[in-house]
Amino acid sequence: MKSLFDLKLDDLEDYLEKNNIKKYKAKQIYDWLYKKHIYSLDKMSNLSKELIDKLNNDFSTNLLKIKRIQESKLTNKYLFELDDGNLIEAVLMRHDYGNSVCVSSQVGCNMGCSFCESGRLKKVRDLTPGDMVRQILMIEDHIKERISSVVIMGIGEPFDNYDNIMSFIRIINSPFGLAIGARHITVSTSGLVPKIKKYANEDLQTNLAVSLHAPNNELRSKIMKVNKAYPIEELMDAIKYYIDKTNRRVTIEYLLLKDVNDTHECAYELAKLVKGINIYVNLIPYNETSHIEYKTSPNSHVMEFYDILKKNNINVTVRKRFGDEIDAACGQLRANEVEK
Ligand code: SAH
Ligand code: SF4
């Protein structure tokens with residue numbers, strides 16, 4: 001059965017109109033779900049008994065099950081069970097500017113990046129918009145605080161689930177829904193070129209992050225299979241196209257793997273590749289996992305890499321290491337659970 005959380009406001013209005021019900025009721029329903037956090041239709045006191053029965057008949061309002069929470073000072077990691085029993089995870093990060101959540105977009109991932117836990121477990125299915133919306137609702141209810149920004153950087157490749165991601169964004173961005181500002185929503189992709197171009201043409205003010213992780217095709221193809229389909233030249237063209245269309249700065253994510261892509265040569269090559277493009281580079285310290293061989297770059301490598309980019313006038317930051325003490329790398333909690 002379809003979840004009520006899958007519906008954008010206009011989907012809900014269309015549904016109501018098709019059933020000869022005034023469409024303003026959609027905003028009332030949204031208000032219960034997303035402003036009041038009341039999910040049981042029976043408790044929505046401004047809906048008629050008839051409408052409640054009809055909605056109950058056509059939609060579920062199930063929440064996700066919380067299977068496990070790992071809490072630390074700045075991060076909470078949640079393992080959720082979906083309606084069909086599949087497991088996904090989401091991470092809450094507390095910043096000084098507000099709470100941010102990293103949501104999963106698929107159960108597993110088919111992109112098969114060699115360093116990633118999520119890619120080790122093949123995709124089982126795409127998440128629906130409601131599966132993603134509920135990750136945020138569950139966390140808001142758990143911490144009893146508002147989430148003000150969202151990154152789609154958990155398990156899965158969001159652009160391999162494009163339409164559902166767009167619906168999800170519209171639901172959480174709606175002023176009648178969770179009202180999370182578009183500028184506070186970021187989609188991270190491993191580089192699906194046609195979808196980057198499509199995203200550039202959406203009527204949205206959301207952000208784009210691209211997982212580059214290597215400055216040349218030889219190295220990138222070794223660690224990211226997707227590079228064989230969309231090599232770096234095409235990827236950089238798509239990024240430039242996106243920037244042209246949207247006028248927004250793109251984040252280039254660069255995971256540092258010890259002695260693989262963290263050398264001086266790589267840093268110089270990266271600086272050359274992105275020079276003059278409206279991007280900034282986010283260097284990500286690798287979270288080691290028990291199943292994969294790569295090692296975290298030592299601090300000295302990170303700082304030297306950073307310095308080379310800086311000296312070449314590239315905007316660069318090093319990602320704060322959230323949740324070192326918990327299994328914070330994308331997919332690690334689920335991978336451990338699935339293999340038990
Ligand atoms: N599939 C999308 C979004 C999910 S992955 C993408 O690849 O961009 C989100 C980010 O986490 C990516 O940049 C990915 O490379 C990174 N990542 C994967 N495994 C990691 C690990 N063990 N440590 C740190 N970052 C990791
Ligand atoms: Fe999938 Fe992203 Fe992991 Fe690559 S890094 S396997 S695209 S989740």
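Given the structure is predicted, the values throughout are model-derived calculations rather than measurements. Numbering of residues starts from 1 in each chain and follows the order in which that chain's sequence is written. Each chain gets a letter, beginning with A, and each ligand a number, beginning with 1, in the order they are written. Only residues with pLDDT of at least 70 are given local features in this predicted model, and only at 80 or more are side-chain atom pairs given and counted; all residues enter the totals for whole chains, interfaces and linings. To get the side-chain values, all heavy atoms of the structure are used, and hydrogens and water are removed first.

**Description of the pairing of strand 7 (residues 149-152)**
Step number 1: Alternating residues of strand 7 divide into Ser149 and Val151 and Val150 and Ile152, and every residue in both groups is buried.
Step number 2: Any two strands with at least two DSSP-identified bridges between them are counted as paired. Secondary structure counts use DSSP, requiring at least four H or I residues in a row for a helix and at least two E residues in a row for a strand, with both numbered from the N terminus. Across three bridges, the pairing between strand 4 (residues 98-102) and strand 7 is parallel. Note on strand 7: the bridge partner recorded for serine 100 is serine 149.
Step number 3: Judged from the three bridges that link them, strand 7 and strand 8 (residues 185-189) form a sheet pairing that is parallel. In the strand pairing of strand 8, isoleucine 152 is matched with valine 187.
Step number 4: We call a crossover right-handed when, viewed with the strands running away from us, the connection from the first strand over the helix to the second turns clockwise. Crossover handedness for the path strand 7 to helix 6 (residues 162-173) to strand 8: right-handed. Buried, partly exposed and exposed residues are distinguished by accessible area as a fraction of the type maximum, computed with a 1.4 Å probe on protein chains only: under 20%, between the cut-offs, and over 50%, respectively.

**As for the pairing of strand 2 (residues 75-81)**
Step number 1: The element strand 2 is largely enclosed, with a buried count of seven among its seven residues.
Step number 2: Residue alternation in strand 2 divides its side chains into two sets, Thr75, Lys77, Leu79 and Glu81 and Asn76, Tyr78 and Phe80, and both sets are buried.
Step number 3: Note: strand 1 (residues 65-71) against strand 2, six bridges, orientation antiparallel. Looking at the pairing, isoleucine 66 lines up with phenylalanine 80 of strand 2.
Step number 4: In sequence, strand 1 turns back onto strand 2 through a hairpin of three residues.
Step number 5: In this structure, strand 2 lies alongside strand 3 (residues 87-95), joined through seven bridges in antiparallel fashion. Residue pairing for strand 3: phenylalanine 80 is matched across the bridge by isoleucine 88.

**Quick word on the site of ligand 2**
Step number 1: Residues in close proximity to ligand 2 include Cys109, Met111, Gly112, Cys113, Phe115, Cys116, Ser118, Gly119, Gly156, Glu157 and Ser190, which together make up its full environment.
Step number 2: Following the grouping adopted for this structure description, the nonpolar residues are Ala, Val, Leu, Ile, Met, Phe, Trp, Tyr, Cys and Pro, the charged ones are Asp, Glu, Lys and Arg, and the polar ones are all others, Gly among them. For the shell around ligand 2, the residue count by class is five nonpolar, five polar and one charged. Only a single heavy atom is needed: when it lies within 4 Å of a molecule or strand, its residue is near that molecule or strand.

**A word on the sheet that holds strand 1**
Step number 1: Spatial ordering of the open sheet is given by 1-2-3-4-7-8-9-10-11-12, a layout of 10 strands whose pairing is mixed. Looking along the sheet, the strands with just one partner apiece sit at the ends: strand 1 and strand 12 (316-318). Strand-to-strand, the axes of this sheet are offset by a mean angle of 20°, without reference to chain direction.
Step number 2: When checking whether two residues touch, look at their non-hydrogen atoms; a contact exists if any pair is within 4.5 Å. Axis angles are defined between N-to-C directions and span 0 to 180 degrees, where every axis is a line fitted to C-alpha atoms and, for a helix, only to the segment in contact. Where helix 5 (residues 129-143) meets the sheet, its contacts fall on strand 1, strand 2, strand 3, strand 4 and strand 7, and the angle it forms with strand 2 comes to roughly 125°.

**Observations concerning the site of ligand 1**
Step number 1: Every one of the 19 residues lining ligand 1 counts as a neighbour, but Gly156, Ser188, Ser211, His213 and Asn287 are closest to it.
Step number 2: Pairs of N or O atoms are called polar contacts if they sit within 3.5 Å, as long as, within protein, a hydrogen donor faces a hydrogen acceptor (for residues adjacent in sequence, only side-chain-to-side-chain pairs). Measuring from an oxygen atom of ligand 1, one finds a side-chain N or O atom of serine 211 at 2.6 Å.
Step number 3: One nitrogen or oxygen atom from the main chain of asparagine 287 is found 3.0 Å from a nitrogen atom belonging to ligand 1.
Step number 4: Bound to the protein, ligand 1 loses 94% of the 530 Å² it would expose on its own.
Step number 5: Those elements that provide at least two residues to the shell around ligand 1 are strand 8 and strand 10 (250-256).
Step number 6: A per-class count over the shell around ligand 1 returns nine nonpolar, eight polar and two charged. Exposure was quantified through the Shrake-Rupley algorithm and a 1.4 Å probe, taking into account, for residues, occlusion by the shown protein chains and nothing else.

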